[in-house]
Structure formats: structure tokens, C-alpha cells
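Observations on chain architecture
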Amino acid sequence: MTRRAAEIRLDALLRTACDVIAERGLANTRTADVAEAAGVSQALVFYHFATKDRMLAQAFAYAVEQDLAKLDAVVHSSAPPLTKLRRMLRLYAPTGRSTSWSMWIDGWAESLRTPELEKVSRRLDLRWRQDLAAVISAGVADGTFDCPDPAGAAWRISAVMDGLAVQLSVHERVITRRQIAEWIRLVAARELGLEPAALD
């Protein structure tokens, strides 16, 4: 197998693993399930991943990297900090039956028992908070935001978004997406010295 063919095969296996995980959950996904869904031997799955835990961690990272690519586009754009913040809040909020949020929630839960997954989860989670803190810091520097602790504000805003997203994703019809959007704007506005309407 050429290197390029191996990369293509790995990408296809990761996509298939994500589909299987979305259907079965991280805890209930076996290498045999991924092999069967991909139409390959289990030996090939082990060739690429070596262990089940590594397969799960890499599939989780693959799914989350799709979200982080969208985040990168926002963070590295030439938009002013307020526009970036609005876009980041919309990007992070769950929409519909979000596969992405299901994967995050499942990943956090499995990270309690799977050290390899915990490392990946922590790295990707911190990346989001660091980018949010950087946007807040840029807004403080140009006078858009009034915030003495951008890193702390990023953690507090993220914690509220995480908690609300879990409620929306796990407990259907307990709260609405409209309520979540309103509460996130309210919390972010308080942290950054803004009127909530500025984040519409």
C-alpha cells in the first residue's frame, strides 16, 4: 500500500469510526464494528490504530478537528473582535440534534476512564478556551471589551455554554435553543462590559 493510499484509507476509517461512534457511543463501539462498517478486516483497523482506545481517541479528535477548522476560520479572519466573538458564540452553540455535541459529551464521559481519550479531549477543549481568551484580549486591547481577566472570562463563558449545551442535547425540550442563545449573550455581555444586544 502506498503512503497516499494509506492516508486515504485512514481518513475513510476515521470517518466511518465517527459514524459508528455517533450511532453506538464511544463505550459501545468495537474495532469489529468499525471494520464491518468500513468493509475491511479488523486487522487493518489494528494496523492503523494499534488499540481500540487509540482508535476512539483519534476518531474523537478527527470529529472535533472539523469544528476547530471552522473556529480557525473565525479566529484568523480580519474581522474585529466583537464580530469574531459573535461568530464564535454562534459556532459553539448546539443546533438541531448536533452530532458534534453528542460526540463532545460522550468524549468527556469516556475520558474519565480512558487516559488516551482524556489527553485528546483536554487538548481540544483547552484550544477552544485559548482562542476565546485571545479574542477577548484583542477586544480589551482595542477598547471594545471591558474585562480585567480575559482567560477567566473565557472559562466562565465556556462553562455556561457547555452546561446549557449538555442540557439541550441530553434532555430534549427542557430548554429551548432561543433561551440558550439569550442566556449565553447575557453571560458574555456581563463578562465583557457590553449590552446583551451588542451580541445579537
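Quick notes on the rules
Residues numbered from 1 in each chain as written. Predicted model: local features only at pLDDT ≥ 70, side-chain atom pairs only at ≥ 80, totals over all residues. Heavy atoms only, no water. UniProt positions renumbered as here; feature names shortened; annotations may be inferred. Helix = DSSP H or I, 4+ residues; strand = E, 2+ residues; numbered from the N terminus. Buried < 20%, exposed > 50% of the residue type's maximum accessible area, 1.4 Å probe, protein only. Arc of directions from axis to C-beta. Axes fitted to C-alpha atoms, helices over the stretch in contact; angles between N-to-C directions. Parallel < 35°, antiparallel > 145°, perpendicular 65-115°, else oblique. Left-handed = near helix turned anticlockwise from the far one by under 90°. Contact = heavy atoms within 4.5 Å. Nonpolar A, V, L, I, M, F, W, Y, C, P; charged D, E, K, R; others polar. Salt bridge = Lys/Arg side-chain N within 4 Å of Asp/Glu carboxyl O.

1. Section: the UniProt feature "DNA-binding region" (unreviewed entry) in the protein chain
UniProt's entry tags residues 30-49 with the feature "DNA-binding region" (unreviewed entry), counted in the numbering of this structure. With 80% helix and 0% strand, residues 30-49 has its two end C-alpha atoms placed 12 Å apart.

2. A look at helix α3 (residues 42-49)
Residues spaced three or four apart along an α-helix point in a common direction, a consequence of the helix completing one turn every 3.6 residues. Leu44, Val45, His48 and Phe49 are the residues of α3 that are buried. Projected down its long axis, α3 carries its buried residues within an arc of 120 degrees, all on one side. Residues Ala43 and Tyr47 are exposed on α3 and point more than 90 degrees away from its buried face. Two residues or fewer past α3, Ala50 is found with a positive phi of approximately 70 degrees.

3. Structural notes on the packing of helix α4 (residues 52-75) against helix α5 (residues 81-92)
Two numbers describe how α4 lies on α5: the axes approach to 9 Å, and their chain directions differ by 170 degrees. Overall, the two elements α4 and α5 adopt an arrangement that is roughly antiparallel. Both α4 and α5 take part in a crossing whose hand is right-handed. The segment α4 lies against α5, with Asp67, Lys70, Leu71, Val74 and Val75 engaging Lys84, Arg87, Met88 and Leu91. Considered class by class, the residues forming the contact of α4 with α5 number five nonpolar, no polar and four charged.

4. Observations concerning the pattern of salt bridges
For the structure on display, the rule yields 14 salt bridges. A salt bridge links Glu116 to Arg54; the nearest nitrogen and oxygen atoms lie 3.1 Å apart. Taken together, the residues Glu116 in helix α7 (residues 115-141) and Arg54 in helix α4 connect sequence positions 62 residues apart. By sharing partners, the salt bridges in this structure join Arg24, Arg30 and Asp33 into a single network.

5. Some words on the packing of α7 against helix α8 (residues 150-170)
Running from N to C, α7 and α8 cross one another at 125 degrees; their axes reach a closest spacing of 8 Å. Here α8 runs oblique to α7, going by the angle between their axes. Here the hand of the crossing between α7 and α8 comes out right-handed. Facing Leu126, Trp128, Arg129, Leu132, Ala133, Ile136, Ser137 and Val140 of α7, the residues of α8 in contact are Pro150, Ala151, Ala153, Ala154, Trp155, Ile157, Ser158, Met161 and Asp162. Each residue belonging to the contact of α7 with α8 can be placed in one class, and the counts come to 13 nonpolar, two polar and two charged.

6. Here we look at unusual backbone geometry
Residues other than glycine predominantly adopt negative phi, and peptide bonds predominantly adopt the trans conformation. Of note, Ala50 is a non-glycine position whose phi angle comes to about 70 degrees, a positive value. By secondary structure assignment, the location of Ala50 is in the loop between α3 and α4. A relative accessible area of 47% places Ala50 in the partly exposed class.

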